[in-house]
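# Coordinate analysis (summary)
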Amino acid sequence: MLQILFSLEDASVIETVVIPSARGRTTVCVSSQVGCAMNCQFCFTGRMGLRKHLSTAEIVEQAVFARKLFSDEFGTITNVVFMGMGEPLHNVDNVIKASSIMVDEQGLQFSPRKVTVSTSGLVPEIKRFLNESNCDLAVSLNATTDEVRDWIMPINRRYNLSTLLGTLREELRLRPKSIVLFEYVMLAGVNDSVDDAKRLTELVRGIACKINLISFNPHSGSQFKPTPDEKIIEFRNMLIQSGLTVMVRLSRGDDQMAACGQLGAAGDYQLPLLRVPEKFQVAL
Ligand code: SF4
């Protein structure tokens, strides 16, 4: 994995990551904001707070530069994921424009199936994205109850699991070819139980989807622990037995970008950590 740092006119720094893979796929992971306002509790970028939305040009240029700098070394860049710094759909105008330039004949000419925009669950913006863009959508789910999601992803207090998944179910009916990718970062003792696996199966029922189980990559100051690899495999097997399509990124895949929130420097100012529900205090 290679990191490129871009210095913007106002001296803020954004990070872009290029991820070559053995299967001939090379992915560029672009940032959409400097920092992020969503304050997901397991996330490094989220600790920074939001500093700035990136312009359409600043987003597209990350992919253009990555192509110029690395195509000789790794071959053509085949995929783009909006999983760098920021909540892409919090900057929805510029992200929709940037993703359309990436797939345009006159633009970067990626296939829409190779451009994926990730979100923590901004429901009105998800509707807009699904109606205005033909690129793929990934949703960071990471919990199977509102109690846990309210804590680790505070956006859930505005758009809870039922609203989020109900919207996806509804909207994807109108786009029968679309498949949503659910990202699920596995946090020991928080969202990795047998009951979580059962609830997850029920929650995504009726939504054309794939699940991506991601081993948590602990960062400095993080209060969570990663689920052991063997337990991730057991969790995956339960989901597969229920008929779901599941991918796994184990801890040795630390060099692969699988969800937003692993980039950035927290700096002096940090958003507050939220109160840990009593029954989960023992897991931390
Ligand atoms: S996980 Fe993504 S949406 Fe949540 S705070 Fe981090 S960058 Fe923002």
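Please refer to the structure placed before this passage.
Nothing here was measured: the structure is a model prediction, and the numbers come from that model.

All right, on to the overall build of the chain then. Counting secondary structure elements, the chain contains seven helices and eleven strands. Taken over the C-alpha trace, the chain has a radius of gyration of 18 Å; the compact-globule value for 284 residues is 19 Å, and the two agree within 12%. Counting only C-alpha atoms and orienting by the principal axes, one finds that the chain spans roughly 50 × 45 × 35 Å. The buried share of the chain, reckoned over its 284 residues, is 55%. In the chain, the proportion of contacts linking residues at least 24 apart, taken out of those at least 6 apart, comes to 69%. Counting only carbon and sulfur atoms, one obtains 50% of the accessible surface of the chain, whose full area is about 12700 Å². Each charge class in the chain can be summarised by its mean position, and for the 30 positive and 31 negative side chains these summaries are 5 Å apart.

It is worth spelling out the nonpolar core at this point. Of all hydrophobic cores here, the largest spans 83 residues; its most connected members are Phe82, Ile152, Leu168, Phe182 and Ile211. With six residues, the top contributor of residues to this core is helix α2 (residues 92–103). Every residue in contact with Ile152, bar those within four places of it in the chain, is listed here: Asn39, Cys40, Gln41, Phe42, Asn142, Ala143, Leu187, Val190 and Phe224. Judged by nonpolar contacts, the second largest core, of seven residues, contains Ile19, Val81, Met83 and Ala138.

For the coordinates displayed, the defined rule picks out five aromatic pairs. What links up through ring pairs into an aromatic cluster is the set Trp151, Phe216, Phe224 and Phe280. Over the ring of Phe65 we find Lys68; its NZ or CZ atom is 5.3 Å from the centre of that ring.

On to helix α5 (residues 161–173). Here α5 is 13 residues long and its end C-alpha atoms lie 18 Å apart, about the 18 Å a rise of 1.5 Å per residue gives. Within the sequence span of α5, burial applies to Leu161, Leu164, Leu165, Thr167, Leu168, Glu171 and Leu172. The buried side chains of α5 occupy one side of the element, clustering within an arc of 155° when seen end-on. In α5, the exposed residues that point more than 90 degrees away from the buried face are Ser162 and Arg173.

In this section: the sheet that holds strand β10 (residues 209–215). The strand order across the open sheet formed by nine strands is β1-β2-β3-β6-β7-β8-β9-β10-β11, and the pairing between neighbours is mixed. Two strands lie at the open edges of the sheet, namely β1 (2–7) and β11 (246–249), each paired on one side alone. When strand polarity is set aside, the average angle formed by the axes of neighbouring strands in this sheet is 20°. Docked against the sheet, helix α7 (residues 229–241) engages β9 (180–186), β10 and β11, running at close to 170° with respect to β10.

Across the interface, helix α6 (residues 194–203) lies against α7 with an axial gap of 9 Å and an inter-helix angle of 35°. For the crossing formed where α6 meets α7, the hand is right-handed. Every residue of α7 that contacts α6 at Val194, Asp196, Ala197, Leu200 and Thr201 is listed here: Phe235, Met238 and Leu239. Here the residues of the contact of α6 with α7 sort into six nonpolar, one polar and one charged.

Glancing now at the pattern of salt bridges. The full count for this structure, using the stated rule, is nine salt bridges. When the shortest N-O distance is used, the salt bridge between Arg128 and Glu132 registers 3.0 Å. A residue pair is termed a helical-turn pair when its members lie 3 or 4 positions apart in one helix, as Arg128 and Glu132 do in helix α3 (residues 123–132) at four residues. Here Arg128 falls in the partly exposed class, since its relative accessible area comes to 30%. Residue classification places Glu132 among the partly exposed positions, given a relative accessible area of 47%. In this structure, a network of salt bridges that share partners links the residues Asp93, Arg128 and Glu132.

With that settled, the discussion passes to unusual backbone geometry. Backbone geometry at Asn39 places phi at a positive 55°, although glycine is not the residue there. Inspection of the secondary structure assignment puts Asn39 in the loop between β4 (33–35) and β5 (50–53). Looking at Asn39, the relative accessible area reads 8%, which means it is buried. A positive phi angle, near 65°, is found at Asn142, a position not held by glycine. Relative to the elements of secondary structure, Asn142 occurs in the loop between β8 (136–140) and α4 (146–152). Asn142 gets classed as buried once you look at its relative accessible area, which sits at 0%.

Turning to α2, a few remarks are in order. Between the first and last C-alpha of α2 there are 17 Å, a value that for twelve residues agrees with the 16 Å anticipated at 1.5 Å per step. Buried within α2 are the following residues: Val92, Asn94, Val95, Ile96, Ala98, Ser99, Met102 and Val103.

What counts, and where the lines are drawn
All chains use their own residue numbering, which begins from 1 and follows the written sequence. The predicted nature of this model means local features are confined to residues of pLDDT at least 70 and side-chain atom pairs, given and counted, to a pLDDT of 80 or more, with totals for whole chains, interfaces and linings taken over all residues. For the side-chain quantities, the full set of heavy atoms in the structure was used; hydrogens and water were omitted. Working definition: helices are DSSP H or I runs of at least four residues, strands are E runs of at least two. Numbering for both runs from the N terminus. A radius of gyration in this sense is built from C-alpha atoms; the matching globule rule multiplies 2.2 Å by the number of residues raised to 0.38. Note on classification: 1.4 Å probe, protein chains only; a residue is buried when its accessible area is under 20% of the maximum for its type, exposed when over 50%, partly exposed between these limits. In what follows, a contact means two residues having at least one pair of non-hydrogen atoms within 4.5 Å. The accessible surface values rely on the Shrake-Rupley method and a 1.4 Å probe; as for residues, cover is taken only from the protein chains in view. In this charge count, Lys and Arg are treated as positive and Asp and Glu as negative; neither His nor the chain ends contribute. One atom stands in for each charge, and that atom is NZ of Lys, CZ of Arg, CG of Asp or CD of Glu. By nonpolar core is meant a set of buried Ala, Val, Leu, Ile, Met, Phe, Trp, Tyr and Cys residues that side-chain atoms within 4.5 Å join together. Put simply, two rings from Phe, Tyr or Trp (the six-membered ring, in Trp's case) pair if the centres are within 6.5 Å, and we call them stacked under 30 degrees between planes, edge-to-face over 60, tilted for the rest. Comment: the charge-over-ring label is applied if NZ (Lys) or CZ (Arg) is within 6 Å of the ring centre and within 35 degrees of the ring normal. Expected span of a helix: the number of residues minus one, times 1.5 Å. What the arc covers is the set of directions going from the helix axis to the C-beta atoms. Only when DSSP finds a minimum of two bridges between them are two strands counted as paired. Here an angle of 0 to 180 degrees is reported between the N-to-C directions of two axes, which are lines fitted to C-alpha atoms, with helices fitted over the stretch in contact. By the definition used in this description, the sense in which the near helix is turned from the far one sets the handedness, with an anticlockwise turn below a right angle giving left-handed and a clockwise turn giving right-handed. Each residue gets one of three labels, nonpolar for Ala, Val, Leu, Ile, Met, Phe, Trp, Tyr, Cys and Pro, charged for Asp, Glu, Lys and Arg, and polar for the others, Gly among them. The term salt bridge refers to a side-chain nitrogen of Lys or Arg lying within 4 Å of a carboxyl oxygen of Asp or Glu.

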